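As a plain string of letters, each chain reads:
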Amino acid sequence: MKLTQSQIESFERDGYLFFPGLFRPDEVKVLQDEVPALYAQRRPENVRERTGDVVRTNFAAHLYSAPFARLARHPRMVEPVRQLIGEDLYMHQFKINGKQAFDGDVWQWHQDYGTWRNDDQMPEARAMNVAIFLDEVNEFNGPLMFIPGSHKLGVLDAGHDTSTTSYPLWVISDETIKKLVDRGGIVAPKGAPGSMLLFHSCLVHASSSNLSPWNRVSVYLSLCAVSNHIRRFKRPDYIAHRDFTPIQCLPDDCLLKEYEVALPWKDRFNEPLRQAS
Ligand code: SIN
Ligand code: MN
């Protein structure tokens, strides 16, 4: 999939691109069907909400789940990112965010590159985020919000927040967000399962809690230029990957055909499922 000149210009101006319905329902189903078994596993890659046992985010499924390993090599996702970054890519981070009905907590205002620079010593903002909706995203279930154009400001001051949610994040102050929103506004792209968002690693974003009865499961993939790989290995390897091998794409039908993929972490940390009693 090749981006047009006008898509490239709109990415440069706004810091994101939206592709409604990019993956078909039969393709999305292969991924949706896999999520409950991943969330049921007792392994450190499942980070739970503050309130209890509900999964907030599952990390690195592409290393132990075949459907997600194939998604991580999907040309419809990888090629536009390679086109914008202009270099081979490796997977810096891979997560399946639950934002579960009633329990899904907020993601505070932040830039991902702020965290990658502070924690992982990623040299430059030559990495891109991709979000793929596995559930419909609507105005009620905590859609991702962007401040268009905010990526042009580079890395903004941020404070390390370890208390608001169960996941530590470098977050931007309310005062700065007010100024940014006064000039750029807020957008929240919404759409059917299978829609894809591609956004700059300096784009300021957040999402509110999900008080609706609808889950908002989305996959977030962060792809980084191989030469821009992280220099510090402070965070766990399931959060900030250390394998800088360039991603090799599979054919376009890879979600529907069982192409062979390596699953190096299949047995890592994988304890038996809890017995229902
Ligand atoms: C993120 O910013 O990494 C996640 C945001 C969300 O899931 O809403
Ligand atoms: Mn983020």
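Residues numbered from 1 in each chain as written. Chains lettered and ligands numbered in written order. Predicted model: local features only at pLDDT ≥ 70, side-chain atom pairs only at ≥ 80, totals over all residues. Heavy atoms only, no water.

Student: I'd like to hear about the site of ligand 1, residue by residue, with values.
Tutor: Close to ligand 1 lie Lys95, Asn97, Trp107, His110, Leu144, His205, Ser207, Arg216 and Tyr220. Separating an oxygen atom of ligand 1 from a side-chain N or O atom of His110 is a distance of 3.0 Å. Between ligand 1 and the protein, one listed contact pairs an oxygen atom with a side-chain N or O atom of Tyr220 at 3.2 Å. If ligand 1 stood free it would expose 260 Å²; the protein chains cover 99% of that surface. Its residues assigned to classes, the shell around ligand 1 shows 3 nonpolar, 4 polar and 2 charged. (Near = heavy atom within 4 Å. Polar contact = N/O pair within 3.5 Å; in protein donor to acceptor, adjacent residues only side chain to side chain. Areas by Shrake-Rupley, 256 points an atom, 1.4 Å probe, with all protein chains shown as cover. Nonpolar A, V, L, I, M, F, W, Y, C, P; charged D, E, K, R; others polar.)

Student: So what about the packing of aromatic side chains? Which residues, and what values?
Tutor: With the rule as written, the count across this model stands at 10 aromatic pairs. Note on Phe140 and Trp214: the rings are 6.0 Å apart at their centroids and 50° apart in plane angle, and the pair reads as tilted. With a gap of 74 residues between them, Phe140 in the loop between strand 6 (127-133) and strand 7 (145-146) and Trp214 in the loop between strand 11 (205-207) and strand 12 (218-225) connect regions that are remote in the sequence. Three or more aromatic residues link up through ring pairs in this structure, and these residues are Phe59, Trp107, Tyr167 and Tyr238. A cation over an aromatic ring shows up here: Lys95 above the ring of Trp107, its NZ or CZ 5.9 Å from the ring centre. (Phe/Tyr/Trp six-rings, centres within 6.5 Å; stacked < 30°, edge-to-face > 60°. Helix = DSSP H or I, 4+ residues; strand = E, 2+ residues; numbered from the N terminus. Lys NZ or Arg CZ within 6 Å of the ring centre and 35° of its normal.)

Student: Describe the sheet that holds strand 10 (residues 196-200), and please don't skip the residues or the numbers.
Tutor: Read across the sheet, 7 strands follow the order 1-10-6-12-4-3-2 without closing on themselves; strand pairing throughout is antiparallel. Edge positions in the sheet fall to strand 1 (16-19) and strand 2 (46-48), since each has one partner strand and no second. Each neighbouring strand pair of the sheet contributes to a mean axis angle of 20°, computed without reference to strand direction. Note: strand 2 against strand 3 (residues 55-59), 3 bridges, orientation antiparallel. From the neighbouring strand, Arg48 faces strand 3, where its bridge partner is Val55. Contacting strand 4 (89-97), strand 6, strand 10 and strand 12, helix 5 (residues 75-85) runs over the sheet at an angle of about 155° to strand 6. (Pairing = 2+ DSSP bridges. Axes fitted to C-alpha atoms, helices over the stretch in contact; angles between N-to-C directions. Contact = heavy atoms within 4.5 Å.)

Student: Before we move on, could you go through the sheet that holds strand 11 and cite the residues and values that matter?
Tutor: The sheet built from 3 strands is open, its strands ordered 5-11-7 with antiparallel pairing. Edge positions in the sheet fall to strand 5 (107-110) and strand 7, since each of these pairs with one other strand and no more. By the bridge criterion, 2 bridges tie strand 5 to strand 11 in an arrangement that is antiparallel. Bridged to His110 within strand 11 is His205.

Student: Which residues make up the pairing of strand 4, and what values do they have?
Tutor: Summarising burial for strand 4: 9 of the 9 residues are buried, a large majority. The pairing of strand 3 with strand 4 spans 3 bridges and is classified as antiparallel. The partner of Asn58 across the bridge, within strand 4, is Ile96. By the bridge criterion, 8 bridges tie strand 4 to strand 12 in an arrangement that is antiparallel. Bridging from a neighbouring strand, Lys95 pairs with Tyr220 of strand 12. (Buried < 20%, exposed > 50% of the residue type's maximum accessible area, 1.4 Å probe, protein only.)

Student: So, the coordination of the manganese ion (ligand 2): which residues are in play, and what are the values?
Tutor: Every protein donor of the manganese ion (ligand 2) is accounted for by His110 (NE2), Asp112 (OD) and His205 (NE2), and the metal-donor separations fall at 2.1 to 2.2 Å. In the primary structure, the donors to the manganese ion (ligand 2) are separated according to the pattern H-x1-D-x92-H. Separated by 93 residues along the polypeptide, Asp112 in helix 6 (residues 112-120) and His205 in strand 11 bring together distant segments of the chain. Residue Asp112 is classed as buried on the basis of its relative accessible area of 9%. Given the relative accessible area of 4%, His205 is considered buried. (Donors = N, O, S within 2.8 Å, 3.2 Å for Na, K, Ca; no water.)

Student: Requested: an account of the nonpolar core, with residues and values cited.
Tutor: Counting residues in hydrophobic clusters, the biggest one holds 50 residues, and the most contacted among them are Phe68, Ile132 and Leu223. Among all residues touching Ile132, those that are not within four sequence positions of it are Phe23, Leu71, Met77, Ser195, Met196, Ser218, Val219 and Leu221. (Core = buried A, V, L, I, M, F, W, Y, C linked by side-chain atoms within 4.5 Å.)

Student: Tell me what's going on with helix 1 (residues 5-14), and back it up with residues and numbers.
Tutor: Those residues of helix 1 not exposed but buried are Ile8, Ser10, Phe11 and Asp14. With its buried residues spanning 165° around the axis, helix 1 presents them on a single face. In helix 1, the exposed positions that point more than 90 degrees away from the buried face belong to Gln5 and Ser6. Buried residues in helix 1 make contact with strand 1, helix 5, strand 6 and strand 10. Remark: Gly15 follows helix 1 within two positions and exhibits a positive phi of approximately 90°. (Arc of directions from axis to C-beta.)

Student: Give a description of the pattern of salt bridges that names residues and reports values.
Tutor: Inspection of every chain in the model, using the stated rule, returns 18 salt bridges. Across the pair Arg56 and Glu49 runs a salt bridge, and its minimum N-O distance is 3.4 Å. Here Arg56 matches Glu49 in class, with each residue buried. One network of salt bridges, in which partners are shared, links Arg24, Asp26, Glu27, Arg76 and Asp252. (Salt bridge = Lys/Arg side-chain N within 4 Å of Asp/Glu carboxyl O.)

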